[in-house]
Amino acid sequence: MPPAPMDRLVFFRALAATCLCMAFFAAPGLATAQGDAAQGGTRRQAAVESGDVIHSLLDLKRHYGRTDVESLPVDLVARVNYWDVRDRAVFVQDQHSAIYLSVPFVQFERHSRLPPGTRIRVIGRLVMDGHYVQVETVEVSDDVVPVEPKSLRIEDLTLGNRWSQRVKTTGVVREVARFGDRWIASCTSGDASFLVHRFEENAIFQWTRLIGHEVEMEGTLICEVDSDGQPTRYIVEMNEFDSPLRPIRHVDDIVSVADAESRTIEQLRTTDTIAGGLYQTSGQITSVAAGDGYLIESEGAGIFIATAMAREDAAGHLVDVTVRRQGTNQFQAVALHSRAFQTVPPPQRDEAQSVELSLLPYRATIEADFIFSLSQDDERIIMLRDGDTEFAATLTVNDATWEDLSLENARRVAVTGMVSTAPPGMTELEQDFSPEFIVELEGPDGVLVVSRWWQFSRSAGISALALIAVLGVAGMLCFATLWFRLQRTVRTNRRLEFQLRESQKMDALGRLAGGVAHDFNNLLAAIASNLELIDIGAPQNDDQPSHCLASARRCTAQATKLVRSLLGFTRQTNLDLQVGNLNDAVEEAVLLAKTSLSPDVVVSLQLSPRLPPCRFDHAQLEQVLLNLLFNAHDALGRQTGTIVLQTDPFVDADGSPFTRIQIRDDGHGMDQETRARVFEPFFTTKKVGEGTGLGLALSYGVINQHGGTIDCQSELGHGSVFTILLPAAIDAPTPAKTHGDATPLNQSAKRFSTSTETCAERDELLRVDNAEQATKSPPVDVAMEILLVDDDDEVRRVAKLSLEAIGHRVTDAAGGREAIARVQHGETFDVVILDLMMPDVSGAETFRQLKAIRSNLPIIVCSGLLIEIEKLKQVSGRKPDASLSKPFQLADLQHSLRQVCPQPRSRTDALQAGPVSGG
């Protein structure tokens, strides 16, 4: 709500003072060149924009009307007039003036209501074209001093004067309304009318008793404004901090709402009632004419009630209303009380010939022939005819919305709105058109084009050719329409399938979150305990440090495997079919699922070691297996039971080799009808909120993409068996069981597990000649000058110590900018180890610039997300020489170093290079 404009007298005084000052300062400039005057104006403008801060509302008012700046900084102290979260309104004043504050909602979260007189500090900006303060921060103090209101009469004010001030005034209550905890009263003060708004959760007395009384009130005086920002009507805003309305005296036309007679809306429309009499009825507000009144309906019958307090947001409220009859089917609201809110039902469908003018107004949907339309300012008038009955539909919209309705070739139109009698001037718009009534449309949705005219060429000479052309064009249009619709349907289906798949992933991750956190904490606890044992140097066993290190390595590998399995769910690419061993996917799926399953449920694995190799997407197949495991768990009803996962080779009737996966449970099973629909999307037998019916449908689609099949066998009381058949990769070698993710860009790289089979190979790879040599100089065949680039200090420190421990010379850099500078300044390195996720200069940009400086410089990139390595190829256009997925083992890094740099500089060259300082 905008603030109060300043008084006219103050405005003209400020304008006169400004003119005198301008004349005073401009006088010396008349003798100088125009360039000096322009420079002086520029300096003054810069001073205003850079230094002026408004510290009081008096200073603020002095800047009203300025056009050289859009806003000015504000830092002032004032006292609250009105502060309430329910209408998001804040008004403040000081000893000079008052203003409206546009306050961020976060301030209302801290202070929902503040009593008048609360001292606050306001920091923000004065918006020049709106004359209000856009608040950035508010500091609320405990200092509360009641604001002394200004006593006045509304009838003595010019509209817009005293805006935002706290006032004490009087008025005669003519009409009241209540919507929840908000009371509204229409009052008069002499010839002037105004409204009273008050929030009051626990009303001490009913406002209906105040009707016909002159009352005294104290609150904040504000104004309603029109679309041009001009004030239209005064409002006194109040809440529980303000004193209730206090009756002073009775006036001549005392109204007692309790004496009103009860009537239904149908009776009020059809029964002769006394003009000036009071009647009480009930109904629903179905249409609103803002500022004019409400259409209230009950059981299909409706009456229009005039009220100056009509609000657009009142549509849908169930109300009890007391009205005064003013004439034939004319009613004036006296008291209105909202009981509840419910959706407005659609109006009845009617024909124009059956409209009874004596019973208007009411809502209806009428279908008729479109005649023409015309415009009057923002109001659009649609002329319609149904048989011999002519009527009009009126709508207030802008030009863009009107063009979207596209009525140029409309033939028949259905309009929905409030049917009322046509005003006298309507027949003057068009001489040949005399509407009997009008339909007041609430918006563009009230117009529906039922049919349109199709216009063809009427030339007799080319009628045959025109017909052929039209048929050909129509055929092409139909084909194009069908083709575009088909493409749109395909795109929609793909998008929905993607969304459903992602939704299923999120559901699975949600169920896994608690269990994964539990397992991860166990692994971290084991790692921490092993490191603590090594740290305290427990002497019980000489082999204990080596056992502790091996245990910590196993826990680290297990945690890495768990994290990488979870990262598979966030892939945003198509199926990545790789040759692999299905037993790996089954084991990882069980590892992920076991923390979410009941401890009373036993998961038994029966994995065949003679499985043929298959091509499959590891992450997608894991998701399918997780869905089937969770469904089997739910089928057990969270009771004790067994789930069996079995893999074995399979040959079909045609002799084609397959790999078969079976998931069996001994749950309650399914009947024949349910079993026939298990793969249908959105079909579920679970309770509302426990299942979406998407898991098996997505699983069916994923297996089909793999070229395989999925089948279900089940009987009531005998459990269920889901069988997956995936075609074997005949031309692929049998994959070895892996212990980690191989680097995707350096195919020769390998990973070393913590198992005993690879310990010797790892030790051989990391071996130095002897301890003494390791401390003095590195072996000739492994010594390398390495530039280590990572923004994490701890990761960089550990990596540097580890590389130096196996004989390398390491220079570390805390970011890409430092690494680029070292290479540009001539420092030589055998290889660069580069982190991708870095602030300031990213890893991808660092990679690009290093390759631009030395194209033959080997670079090994590291990242915790493999997708970042794939993006590197797209950004730089080049592949790295090798890549490692974090976390990695030192043996993996050493192996990659030997692959990308098989001939490092000799020990002699390294020693001649001189000492290398760390970054």
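Nothing here was measured: the structure is a model prediction, and the numbers come from that model.

At a minimum axis distance of 10 Å, the contact between helix α16 (residues 816-824) and helix α17 (residues 843-853) shows a crossing angle of 5°. Regarding the angle of α16 to α17, the classification is roughly parallel. Of the residues in α17, those touching α16 at G816, A819, I820, V823 and Q824 are T846, Q849, L850 and I853. For the contact of α16 with α17, the per-class residue count stands at five nonpolar, four polar and no charged.

Turning to a nonpolar patch on the surface, a few remarks are in order. Taken together, the side chains of I462, L465 and I468 present a nonpolar region at the surface, about 320 Å² in accessible area. Here I468 is to be found in helix α7 (residues 463-536).

Glancing now at the packing of aromatic side chains. Here the distance between the centres and the angle between the planes together describe a pair of aromatic rings. Counted according to the given criterion, the structure contains nine aromatic pairs. With centroids separated by 5.4 Å and ring planes inclined at 40°, the aromatic side chains of F679 and Y700 adopt a geometry described as tilted. Here the residue F679 occupies a position in the loop between α11 (672-676) and α12 (695-705), and Y700 occupies one in helix α12, the gap between them amounting to 21 residues. Ring-pair connections join several aromatic residues into one group, and the members of that group are W83, F105 and F108. Of note, R311 hangs over the ring of F179, and the distance from its end group to the ring centre comes to 4.9 Å.

Spatially, five strands are ordered β27-β29-β30-β32-β31 in an open sheet, and the strand pairing comes out mixed. Across the chains shown, the open sheet's two edge strands, defined by having one partner strand only, are β27 (601-607) and β31 (709-714). Strand after strand, the sheet turns through a mean of 15° between neighbouring axes, direction not considered.

Counting buried positions along strand β15 (residues 293-298) gives five out of six residues, so the element sits mostly inside the fold. Across five bridges, the pairing between strand β14 (residues 278-289) and β15 is antiparallel. Opposite Q284, over in β15, you have E297 as the bridge partner. Linking β14 back to β15 in an antiparallel pair, the connection comprises three residues, with G291 at a positive phi of about 80°. Across six bridges, the pairing between β15 and strand β16 (residues 301-306) is antiparallel. The residue bridging G293 from the neighbouring strand is A306, located in β16. Linking β15 to β16, which pair antiparallel, is a turn of two residues; within it E299 sits at a positive phi near 55°.

Here the focus is the nonpolar core. The biggest cluster of nonpolar side chains holds 57 residues, and the ones touching the most others in it are V196 and M217. Apart from the residues lying within four places of it in its own chain, the contact partners of V196 are W183, I184, A185, C187, W207, M217, V236, M238 and L245. In this structure, V590, V601, L645 and I661 belong to the second largest nonpolar core, which totals 35 residues.

Here we come to the side chain of D94. With respect to the helices and strands, the residue D94 is situated in the loop between β2 (89-93) and β3 (98-102). Here D94 sits buried without a salt bridge, and the closest side chain of opposite charge, K61, lies 8.4 Å off (N-O distance). Looking at D94, its side chain comes within polar contact range of the main-chain nitrogen of L57, at 3.2 Å. Residues within four places of D94 in sequence aside, it is in contact with S56, L57 and V77.

Angle between the axes and distance between the axes are the two parameters that describe a pair of packed helices. Remark: helix α9 (residues 582-593) packs on helix α10 (residues 618-635), axes separated minimally by 9 Å, with the N-to-C direction vectors making an angle of 50°. Relative to α10, the element α9 lies oblique. α10 is crossed by α9, and the crossing has right-handed handedness. Contacts between α9 and α10 involve L582, D584, A585, V586, E588, A589, V590, L592 and A593 from the first element and H618, L621, E622, L625, L626, L629 and F630 from the second. Class assignment for the residues of the contact of α9 with α10 results in twelve nonpolar, one polar and three charged.

Cut-off values and rules
- Residues numbered from 1 in each chain as written.
- Predicted model: local features only at pLDDT ≥ 70, side-chain atom pairs only at ≥ 80, totals over all residues.
- Heavy atoms only, no water.
- Axes fitted to C-alpha atoms, helices over the stretch in contact; angles between N-to-C directions.
- Helix = DSSP H or I, 4+ residues; strand = E, 2+ residues; numbered from the N terminus.
- Parallel < 35°, antiparallel > 145°, perpendicular 65-115°, else oblique.
- Contact = heavy atoms within 4.5 Å.
- Nonpolar A, V, L, I, M, F, W, Y, C, P; charged D, E, K, R; others polar.
- Patch = residues over 30% accessible without salt bridge, like charges linked within 9 Å, V, L, I, M, F, W, Y side chains within 5 Å.
- Areas by Shrake-Rupley, 256 points an atom, 1.4 Å probe, with all protein chains shown as cover.
- Salt bridge = Lys/Arg side-chain N within 4 Å of Asp/Glu carboxyl O.
- Phe/Tyr/Trp six-rings, centres within 6.5 Å; stacked < 30°, edge-to-face > 60°.
- Lys NZ or Arg CZ within 6 Å of the ring centre and 35° of its normal.
- Pairing = 2+ DSSP bridges.
- Buried < 20%, exposed > 50% of the residue type's maximum accessible area, 1.4 Å probe, protein only.
- Core = buried A, V, L, I, M, F, W, Y, C linked by side-chain atoms within 4.5 Å.
- Lys, Arg positive; Asp, Glu negative; His and termini not counted.
- Polar contact = N/O pair within 3.5 Å; in protein donor to acceptor, adjacent residues only side chain to side chain.
- Left-handed = near helix turned anticlockwise from the far one by under 90°.

On their own, these measurements won't tell you what the molecule is for.
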